[in-house]
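# Chain and residue survey
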Amino acid sequence: MIKAIKGFNDILPEQSAKWQHLEAVLANVLGRYGYEHIRLPIVEQTDLFARAIGGATDIVEKEMYSFTDKSDPPTPLALRPEGTAGAVRAVIEHNLLRSDTPKLWYIGPMFRYERPQKGRYRQFHQLGVESFGSPLPDADAELIAMTHLMWQELGLKDEMRLQLNSLGELDERHAYREALVAYLTDKHDQLDEDSKRRLTTNPLRILDSKEASTQAVLSDAPKLADFLGADSIIHFEQVQTYLTALGIDYEINPHLVRGLDYYNKTVFEWVTDKLGSQATVCAGGRYDGLIGQLKSIGARNDGNDKPVKSEPAVGFAMGLERLLLLIDAVAPFAETSACDIFVVTHPEVYSAGINYAQKLRYDRSDLRIKMASATSLKSQMKKADKSGAALTVILAQQELEDNSISIKNMQTGEQTTVAQDWLSAAENFSI
């Protein structure tokens, strides 16, 4: 038997209703803030991610699905492991910043080769949100406020905790990195194996190590906050002022970093303890240098060595599989069926049944109406019982002659006869 690839999961019809509900809630909140939907390719040039994310990150080094196409010479391509790089590429390519400060969102599958586990798969789905053009802390606060409203709409506001940190600017972070590396090099033997590897590739990621022994070493390590300049401190304090004004609680986590090289200043995560160990459901931050970084690559490829102006940006991403696990654990969506009305009709008058169901679909766009094939009435009624419909409409020769329908309430079993156009009036039946 041919089966799905490990870590690539089918989302079956009974699960799809939850996905559609979740996506509708998220899209509604995004629309209320004026964010616009953009659809991005799943496949990009490998170099886009290597340049944007950083060649020394775990994503590029170990997790990215890379291949070459059939062009001559072959072009290195990759399934997107995250969405921000592609969104920035689209903004640059289509010159969306020419006269605007675009606020964009996208949703869809991402791909990373890692050990599959509950809520974390090789094909996973993310909502990504990117706000371009504003260097001011109000843009950071707006994104956090928007996620806060999402949790309220999903019934999760009491289950999530907001953590904040500031990574400062690149030069501040480099100075801190040197101090951190010097400190950890002296304690190399006390680090876990993964942290030893990161010491020479991405040492800031050691800060969020889950190993207790490494965290014990980090307790006396240099603090990033001590390396921040005045502008970074003021920016971070203003973000906190806005959040306080909005009534959004937060905690400062000095070990909160991002695994991607393009972040600066504010970073944040929404975490929960309802999924076992502390789990991150949503993460984001500011990345003011990424647009300039990618623009400069294009300029160099065109033979232009002049400095390229960057544009400020801030964004976040949330994993939908993990978010649905949390919803199922603490605030499950109401069960819904795929059908409101099931039409059963005698095989001899099946054409009339098709016409009735089709007219009802035109008249009542708010209802989901199903039929079975033209089998026996008994067989059709069995399907109606399994459909989850609230009402079953029965149409046979007698009903046609009387211009009526029989309606069975599937909860009580009560059956009545009404005029054929009874259900066309919304006041007579609604879901």
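My aim in this report is to walk through the structure given alongside it, one point at a time. (Residues numbered from 1 in each chain as written. Predicted model: local features only at pLDDT ≥ 70, side-chain atom pairs only at ≥ 80, totals over all residues. Heavy atoms only, no water.)

### What about the overall build of the chain?
For the chain, the helix and strand inventory stands at 14 helices and 16 strands. Here the C-alpha radius of gyration of the chain, 28 Å, is well above what a compact globule of 431 residues would show, namely 22 Å. Counting only C-alpha atoms and orienting by the principal axes, one finds that the chain spans roughly 90 × 55 × 50 Å. Evaluated residue by residue, the chain yields a buried proportion of 47% over its 431 residues. Across the chain, contacts joining residues at least 24 apart in sequence account for 70% of those joining residues at least 6 apart. Looking at the chain as shown, the accessible area adds up to about 21900 Å², and 49% of this sits on carbon and sulfur atoms. Each charge class in the chain can be summarised by its mean position, and for the 47 positive and 60 negative side chains these summaries are 4 Å apart. (Helix = DSSP H or I, 4+ residues; strand = E, 2+ residues; numbered from the N terminus. Rg over C-alpha atoms; globule rule 2.2 N^0.38 Å. Buried < 20%, exposed > 50% of the residue type's maximum accessible area, 1.4 Å probe, protein only. Contact = heavy atoms within 4.5 Å. Areas by Shrake-Rupley, 256 points an atom, 1.4 Å probe, with all protein chains shown as cover. Lys, Arg positive; Asp, Glu negative; His and termini not counted. Charge placed at Lys NZ, Arg CZ, Asp CG, Glu CD.)

### Focus: unusual backbone geometry
Residues Asp-72 and Pro-73 are joined by a peptide bond in cis, for which omega reads 0°. Turning to its location among the elements, Pro-73 is positioned in the loop between β3 (66-68) and β4 (76-79). Unusually for a residue other than glycine, Asn-403 sits at a positive phi of about 55°. With respect to the element layout, Asn-403 can be found in the loop between α14 (397-402) and β15 (404-409).

### Some details on the pattern of salt bridges
It is possible for side chains of opposite charge to pair when their charged atoms get near one another. With the rule as written, the count across this model stands at 20 salt bridges. Measuring nitrogen to oxygen at the nearest pair gives 3.4 Å for the salt bridge that ties Glu-153 to Arg-32. Of this pair, Glu-153 sits in helix α5 (residues 137-153) while Arg-32 sits in helix α1 (residues 13-32), placing them 121 residues apart in sequence. Classification of Glu-153 as partly exposed rests on a relative accessible area of 41%. Asp-366 is the partner of Arg-364 in a salt bridge, and the nearest nitrogen-oxygen pair spans 2.8 Å. (Salt bridge = Lys/Arg side-chain N within 4 Å of Asp/Glu carboxyl O.)

### Looking at the sheet that holds strand β1 (residues 36-37)
Sheet architecture is open: 8 strands sit in the order β1-β5-β6-β11-β10-β9-β7-β8, paired in mixed fashion. Of all strands in the sheet, those with a lone pairing partner are β1 and β8 (251-252), marking the two edges. As judged from the 2 bridges shared by strand β7 (residues 161-166) and β8, these two strands associate in the parallel manner. Of the residues in β8, the one forming a bridge with Gln-163 is Glu-251. In the packing of α1 onto the sheet, the strands contacted are β5 (103-111), β6 (123-132) and β11 (313-319), and the crossing angle to β6 comes to about 5°. (Pairing = 2+ DSSP bridges. Axes fitted to C-alpha atoms, helices over the stretch in contact; angles between N-to-C directions.)

### Comments concerning the pairing of β6
Each regular strand shows side chains that alternate between the opposite faces of the sheet. Summarising burial for β6: 9 of the 10 residues are buried, a large majority. Here β5 pairs with β6 via 9 bridges, running antiparallel. For Phe-111, the partnering residue across the bridge sits in β6 and is Gln-123. Pairing of β6 with β11 involves 7 bridges; the strand directions are antiparallel. Opposite Phe-132, over in β11, you have Ala-313 as the bridge partner.

### A closer look at the side chain of Arg-364
As for its placement among the helices and strands, Arg-364 is situated in the loop between α12 (350-363) and β13 (369-371). Polar side-chain contacts of Arg-364 include one of 2.8 Å to the backbone oxygen of Leu-423. Setting aside residues up to four positions removed in sequence, Arg-364 forms contacts with Leu-423, Ser-424, Ala-425, Ala-426, Phe-429 and Ser-430. (Polar contact = N/O pair within 3.5 Å; in protein donor to acceptor, adjacent residues only side chain to side chain.)

### Things to note about a nonpolar patch on the surface
A cluster of nonpolar residues, Ile-42, Val-43 and Phe-67, forms a patch on the protein surface that exposes about 210 Å² of accessible area. Following the sequence through the fold, Val-43 ends up in strand β2 (residues 43-45). (Patch = residues over 30% accessible without salt bridge, like charges linked within 9 Å, V, L, I, M, F, W, Y side chains within 5 Å.)

### Side note on the environment of Met-1
Mapped onto the elements of the fold, Met-1 is located in the segment before α1. Its relative accessible area of 91% is what places Met-1 among the exposed residues. A C-alpha to C-alpha distance of 26 Å links Met-1 and Met-110, two positions 109 residues apart in sequence.

### Here's the deal with empty space enclosed by the protein
Tallying each qualifying case throughout the model produces 2 cavities of 30 Å³ or more. Within this model, the largest cavity holds a volume of roughly 40 Å³. Put simply, the parts of the chain that give the lining of the largest cavity at least two residues each are α4 (84-93) and β5. Of the residues in the lining of the largest cavity, the class split is 5 nonpolar, 2 polar and 3 charged. Of the voids in this model, the second largest cavity is the one considered here, and its volume is about 30 Å³. (1 Å grid on protein atoms, 1.4 Å probe; cavity = no way out; pocket = protein on both sides within 12 Å on 5 of 7 lines; lining within 4 Å. Points joined across faces, edges and corners; volume = space filled by probe spheres on them. Nonpolar A, V, L, I, M, F, W, Y, C, P; charged D, E, K, R; others polar.)

### Considerations on the sheet that holds β4
Taken together, the 3 strands give an open sheet; going across it, the order is β2-β4-β3, and neighbouring strands pair in antiparallel fashion. Across the chains shown, the open sheet's two edge strands, defined by having one partner strand only, are β2 and β3. When the angles between neighbouring strand axes are averaged without regard to direction, this sheet yields 40°. With 3 bridges joining them, β2 and β4 adopt antiparallel strand pairing. By the bridge assignment for β4, Glu-44 is matched with Ala-78. Strand contacts of helix α2 (residues 46-53): β2, β3 and β4, with the helix running at about 70° to β2, the strand carrying the most contacts.

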